[in-house]
Amino acid sequence: MNRQNHFQVAGASLAGDLDSIAIGDEIHGIAAEIYPICRSITGNGVRRTLQALKRHLPLVVHEIPSGTQVFDWVVPPEWNIREAYIANSAGERIVDFRHNNLHVLSYSVPVHARLSLEQLKKHIHTLPEQPALIPYRTSYYAEQWGFCMAHEQLAKLPDGLYEVHIDSSLEEGSLTYGEYLHRGALREEVLLSAHICHPSLANDNCSGVALLAALARRIVRMRTRYSYRFLFAPGTIGAITWLARSEHAVRRIHHGLVLSCLGDAGGPTYKRSRRGDAAIDRTMAYLLKGVGGAKVIDFTPLGYDERQFCSPGFNLPMGSFQRSQHGSFPEYHTSADDLDFIRPEHLADSYRVIAAALQILEQDCKPRNLMPKCEPQLGRRGLYAMIGGKDSAAKTKALLWVLNMADGTHCMLDIAERSDLPFALIAEAARLLEAHGLVKRC
Ligand code: ZN
């Protein structure tokens, strides 16, 4: 196959033709579509989210029954919620799930009771340090109920009787995840994953899901070298479930990224895979080198689903890409992580980095110089004439670097790093040299 066609098409469609505002607005728009939905690790919120994504890409939705054993875990009962409020003695709803779905402790069991303020407070979560914000809290594996609210509101509540009502259900059902496999020329896959279990939180959840959807809707139309697997699954239990059901497919994963927190003004931050030297690790480090604010950090078994993908039994070559690291920004897991907190320009910047990384992975190979004894005569082949123009000096350098390092052991990323030339220039030089029979791209 002609790799040139593949990666050129991929490159142009993924990044080249898009102005930053357009793609950022598009991703923000998808995030806004799914932001209001009350998601959790199971239930109709996940299904509605996947239905919304189906408008952008041909997702396959899987339902895994409650009680299914997945490695050391069991798929939990399915949680759904219809209504929840706290009312004061006058019957006025002072906290209402309809106004903000963060108000309910995720996985709350149903309750309908009248309580004193003292008793009520045992079930209330607030952020005394950020008194105007509602926290996001979950209780997936311990049966309890609770509400989350602004600390300043709680502090003003008078003594009295309060009615609490949570109309939820925890029943045998299933865990839902969505998957789309785009088939490329190779069976080897790039796995791109975003968690899909947080309710109305824009950066930590919607941004990663929306960016992946925008990326997938382009890749759907493209011819690529690698196959691309897009996974939208609940955090932790969803990734564990997918891995347990997909062990046969895991060996085909050659590269991957876990994506979240892609729309804030911080970072960007790349966290290496557990391996530390995977092609994706080197590619991301190359792209972020010299970028203001960018950080490349080592793997830790903390964070998102890289914890599962990089567990020792899998040890997949997957890193994690964020702007601000999860937990490091004050809006994290609060009502301030809203649609104003994520900005189109930051989403577009995140998209460009990811698209550029995929472009490098698509193109990279270890070229071999077919005439390695001394330099071939480039002038006689018209190669100097072909590389005229304003970048001619850099283009000449790229030809000489490729010829020199193309011994079959160095990949084009090695050559780009060593020469300090843009990867695209090295790739173009290798293509030109191959067209003249001087280099073979493996
Ligand atoms: Zn989170």
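All values derive from a computational prediction rather than experimental measurement.

Rules of the game
Residues numbered from 1 in each chain as written. Predicted model: local features only at pLDDT ≥ 70, side-chain atom pairs only at ≥ 80, totals over all residues. Heavy atoms only, no water. Domains from an automatic or database assignment. Contact = heavy atoms within 4.5 Å. Buried area = accessible area lost by both parts, 1.4 Å probe. Salt bridge = Lys/Arg side-chain N within 4 Å of Asp/Glu carboxyl O. Polar contact = N/O pair within 3.5 Å; in protein donor to acceptor, adjacent residues only side chain to side chain. Helix = DSSP H or I, 4+ residues; strand = E, 2+ residues; numbered from the N terminus. Phe/Tyr/Trp six-rings, centres within 6.5 Å; stacked < 30°, edge-to-face > 60°. Buried < 20%, exposed > 50% of the residue type's maximum accessible area, 1.4 Å probe, protein only. Pairing = 2+ DSSP bridges. Axes fitted to C-alpha atoms, helices over the stretch in contact; angles between N-to-C directions.

J.: I'd like a rundown of the domain arrangement of the chain, residues and numbers included.
T.: Where the parts come together, the accessible area they lose is often given as the size of the interface. The domain architecture assigned to the chain consists of domain 1 (3–75 + 176–363), domain 2 (79–171) and domain 3 (368–440). Look at where the C-alpha atoms of domain 1 and domain 3 centre, and you get two points 34 Å apart. Taken together, the contact pairs seven residues of domain 1 with 12 residues of domain 3. Counting each side, the surface lost to burial between domain 1 and domain 3 is near 820 Å², with a carbon and sulfur contribution of 56%. Contact with domain 3 buries area across many residues of domain 1, yet Arg-282, Tyr-286 and Gln-363 alone supply 66% of it, more than any other trio. Viewed at the interface, domain 3 and domain 1 are joined by two salt bridges. The salt bridge involving Asp-414 is made with Arg-282; its shortest N-O contact spans 2.6 Å. The tally of links between domain 1 and domain 3 comes to four residue pairs in polar contact (both at pLDDT 80 or more). Secondary-structure elements contributing two or more residues to the side of domain 1 that touches domain 3 are helix 9 (279–288) and helix 11 (344–363). Per-element tally for the side of domain 1 that touches domain 3: the top contributor is helix 9, with three residues.

J.: I'd like to hear about the packing of aromatic side chains, residue by residue, with values.
T.: Evaluated as defined, the whole model comprises 10 aromatic pairs. Their ring planes at 65° and their centres at 5.9 Å tell us that Phe-71 and Phe-314 sit as a pair that is edge-to-face. Of this pair, Phe-71 sits in the loop between strand 2 (69–70) and strand 3 (73–74) while Phe-314 sits in the loop between helix 10 (306–309) and strand 16 (318–322), and the two are 243 residues apart along the sequence. Judged by centre distance (6.3 Å) and plane angle (75°), the ring pair of Trp-242 and Phe-309 falls under edge-to-face. With Trp-242 in helix 7 (residues 237–245) and Phe-309 in helix 10, this residue pair connects regions lying 67 residues apart in the sequence. One aromatic cluster is present, formed by Trp-73, Trp-79, Tyr-107, Tyr-140 and Tyr-141 through successive ring pairs.

J.: Can you lay out the side chain of Ser-207 for me, pointing to particular residues and giving the numbers?
T.: Residue placement: Ser-207 occurs in helix 6 (residues 202–219). Classification of Ser-207 by relative accessible area gives buried; the value is 0%. Reaching out from Ser-207, the side chain makes a polar contact with the backbone oxygen of Asn-203 at a distance of 2.6 Å. Of note is the side chain of Ser-207, whose polar atom sits 3.5 Å from the backbone nitrogen of Cys-261. Among residues more than four places away in sequence, those in contact with Ser-207 are Ile-27, Ala-202, Ser-260, Cys-261, Leu-262, Gly-263 and Leu-347.

J.: Talk me through the pattern of salt bridges; I want residue IDs and the actual numbers.
T.: Summed over the entire model, instances satisfying the criterion amount to 20 salt bridges. Put simply, Arg-217 and Glu-26 hold a salt bridge, and the shortest N to O gap is 3.1 Å. Placement of the pair is Arg-217 in helix 6 and Glu-26 in helix 2 (residues 20–34), with a sequence separation of 191 residues. In this structure, Arg-431 and Glu-428 form a salt bridge, with 2.9 Å as the shortest nitrogen-oxygen distance.

J.: Tell me about unusual backbone geometry, residues and numbers included.
T.: Residues Gly-267 and Pro-268 are joined by a peptide bond in cis, for which omega reads 5°. Here Tyr-107, not a glycine, exhibits a phi torsion of approximately 80°, which is positive. Note that Tyr-107 resides in the loop between strand 5 (93–96) and strand 6 (111–116). The phi dihedral of His-333 falls on the positive side, at around 55°, and the residue is not glycine.

J.: Quick rundown of the sheet that holds strand 4 (residues 78–87)? Include the residues and the values.
T.: Overall, antiparallel pairing links the four strands, which are arranged 5-4-9-6 in an open sheet. Only two strands of the sheet have a single neighbouring strand rather than two, namely strand 5 and strand 6. Each adjacent strand pair in this sheet contributes to an overall mean axis angle of 20°, direction not counted. For strand 4 and strand 9 (residues 161–171), the ladder comprises nine bridges, and the chain directions are antiparallel. Directly across from Ile-81, in strand 9, lies its bridge partner Ser-168.

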